[in-house]
Amino acid sequence: MVRVEEIINKYGNLSAEIFQKSKELLLKEYQGNREEILENLKDVFRYLCMKAYEMQEYGQKEVVSIISFFYLNSSLLTGSHKYLISLYDKTFYLDQSEVSITYCPEFIIPYFLSDIQLLENDIRKHYIRIKSYEMERIKFLHIQHYYELMKEIFCSVLDEIKNLPEYNIMKKSTNPLFLYGGYRDYAINLEEFYAALSNRS
């Protein structure tokens, strides 16, 4: 395991450099296809909100207090790059009637795969017989950049999500908490992050 730590430490900077180049291209693509991407995300929320509303009408779900966008690290290993978007009551993970759906931001995948190929090509110039678990660690290192980018993208669509009719008929607390992070891991308040981001602009 000593070698994999050496590789991680050595390639942190190159990972960041490669991502910055991809980010420029990715954001151009995102801006050009924003309406389509946003509509897809809205469809996910329409489904979630209507499902929660129907359950509430039958007394099967409490008021929604927490709305989460959680990346699934396990999906990185399968190449599916999924997020779990969920509606919880105030008990959060203890909610027995959580409403969830997975969402895949497909527009990031080609860029991520291309980045990983560049990293792997460079690593193989300096290390022989790269093990699969070593490349998995590299993937986990590199995906953090994309998690940060998706955090900003989810922030940018919050207002439009809140304006959906389906969102507004669902029974929810006065100010639902929007969370972003890893599933059953560290998470942040998206709206606080967005406010800080806006103040820096």
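Because the structure is a prediction, the values reported are computed rather than measured. (Residues numbered from 1 in each chain as written. Predicted model: local features only at pLDDT ≥ 70, side-chain atom pairs only at ≥ 80, totals over all residues. Heavy atoms only, no water.)

Asks: It is not clear to me how the layout of surface pockets should be interpreted in this structure. Could you clarify?
Replies: A water-sized probe rolled over the atoms picks out the places where empty space is left. Computed from the structure, the largest pocket encloses a volume of approximately 180 Å³. Together, Glu29, Asn33, Glu36, Ile37, Asn40, Tyr103, Cys104, Glu106 and Phe107 line the largest pocket. Take the lining of the largest pocket: its biggest share by element is three residues, from helix H2 (residues 34–57). Looking at the lining of the largest pocket, its residues break down into four nonpolar, two polar and three charged. (1 Å grid on protein atoms, 1.4 Å probe; cavity = no way out; pocket = protein on both sides within 12 Å on 5 of 7 lines; lining within 4 Å. Points joined across faces, edges and corners; volume = space filled by probe spheres on them. Helix = DSSP H or I, 4+ residues; strand = E, 2+ residues; numbered from the N terminus. Nonpolar A, V, L, I, M, F, W, Y, C, P; charged D, E, K, R; others polar.)

Asks: Looking at this structure, how should I read empty space enclosed by the protein?
Replies: What the rule picks out here adds up to two cavities of 30 Å³ or more. Considering only enclosed or pocket space, the largest cavity measures out at about 70 Å³ in volume. Lining the largest cavity are Tyr71, Leu72, Ser75, Leu76, His81, Lys82, Tyr83, Ile108, Ile143, Tyr146, Tyr147 and Met150. At the level of secondary structure, the elements contributing two or more residues to the lining of the largest cavity comprise helix H3 (73–78) and helix H5 (132–156). Among the elements that line the lining of the largest cavity, the one with the most residues is H5, at four residues. Partitioning the lining of the largest cavity into residue classes produces nine nonpolar, two polar and one charged. In this structure, the second largest cavity occupies an estimated 40 Å³ of space. Lining the second largest cavity are Tyr30, Ile37, Leu38, Leu41, Tyr103, Phe107, Met150, Ile153, Phe154 and Val157. Considered class by class, the residues forming the lining of the second largest cavity number ten nonpolar, no polar and no charged.

Asks: Would you take a moment to explain the packing of helix H4 (residues 109–126) against H5 for this structure?
Replies: Think of two packed helices as two axes; the pair is described by the angle between the axes and how far apart they sit. Running from amino to carboxyl end, H4 crosses H5 at an angle of 135°, the nearest separation of the two axes being 10 Å. The pairing of H4 with H5 is recorded here as oblique in orientation. Crossing handedness for the pair H4 and H5: right-handed. Contact with H4, carried on its side by Tyr111, Phe112, Asp115, Ile116, Leu119, Glu120 and Ile123, involves Met135, Ile138, Lys139, His142, Ile143 and Tyr146 of H5 and no other residues of that element. Here the residues of the contact of H4 with H5 sort into nine nonpolar, one polar and three charged. (Axes fitted to C-alpha atoms, helices over the stretch in contact; angles between N-to-C directions. Parallel < 35°, antiparallel > 145°, perpendicular 65-115°, else oblique. Left-handed = near helix turned anticlockwise from the far one by under 90°. Contact = heavy atoms within 4.5 Å.)

Asks: Honestly, unusual backbone geometry in this entry has me stumped. Any pointers?
Replies: Peptide bonds are mostly trans, and most non-glycine residues show a negative phi. In the Ramachandran plot, arginine 129 falls in the positive-phi region, its phi being about 50° despite a non-glycine side chain. Mapped onto the elements, arginine 129 comes out in the loop between H4 and H5.

Asks: Could you clarify how one ought to interpret the pairing of strand E2 (residues 83–88) in this entry?
Replies: Side-chain positions along a regular strand alternate between the two faces of the sheet. The buried fraction of E2 is high, at six of six residues. Taken together, the six bridges between strand E1 (residues 64–71) and E2 define a ladder with antiparallel strand orientation. Within E2, the position partnered with serine 68 by the bridge is serine 86. When E2 meets strand E3 (residues 99–103), the two strands line up antiparallel, connected through five bridges. Counted as the bridge partner of leucine 84 is threonine 102 from E3. (Buried < 20%, exposed > 50% of the residue type's maximum accessible area, 1.4 Å probe, protein only. Pairing = 2+ DSSP bridges.)

Asks: Looking at this model, I keep getting lost on the nonpolar core. Mind explaining?
Replies: In a soluble, globular protein the nonpolar side chains are often hidden away together inside. Formed by 57 residues in total, the largest nonpolar core has its most connected members in Phe69, Phe107, Phe154 and Tyr180. Ranked by residue count, the leading element in this core is H5, at ten residues. Contact partners of phenylalanine 69, with chain neighbours within four places excluded, come to Phe45, Leu84, Ile85, Phe154, Leu158, Ile161, Phe178, Leu179, Tyr180, Gly181 and Leu190. (Core = buried A, V, L, I, M, F, W, Y, C linked by side-chain atoms within 4.5 Å.)

Asks: What am I meant to see in H2 here?
Replies: An α-helical turn contains 3.6 residues, so any two residues separated by three or four positions project in the same direction. Here H2 contains 24 residues, and its C-alpha end-to-end distance of 34 Å stays within 8% of the 34 Å for a straight helix at 1.5 Å per residue. Looking at H2, one finds that the buried residues are Arg34, Ile37, Leu38, Leu41, Lys42, Val44, Phe45, Leu48, Cys49, Ala52, Met55 and Gln56. Taken from the residues just after H2, glycine 59 is the one with a positive phi, measuring 70°. (Expected span 1.5 Å × (residues − 1).)

Asks: Any chance you could explain the sheet that holds E2 here in plain terms?
Replies: Strands in a sheet are paired, the pairing made by backbone hydrogen bonds, and the direction either parallel or antiparallel. As summarised here, the arrangement of the five strands in space is E3-E2-E1-E4-E5, forming an open sheet in which the pairing is mixed. Each edge of the open sheet is held by one strand with a lone partner, namely E3 and strand E5 (187–189). Across this sheet, the average inter-strand angle for adjacent strands is 20°, counted without regard to direction. Against the sheet, H2 touches E1, E2 and E3, its axis set at about 165° to E3.

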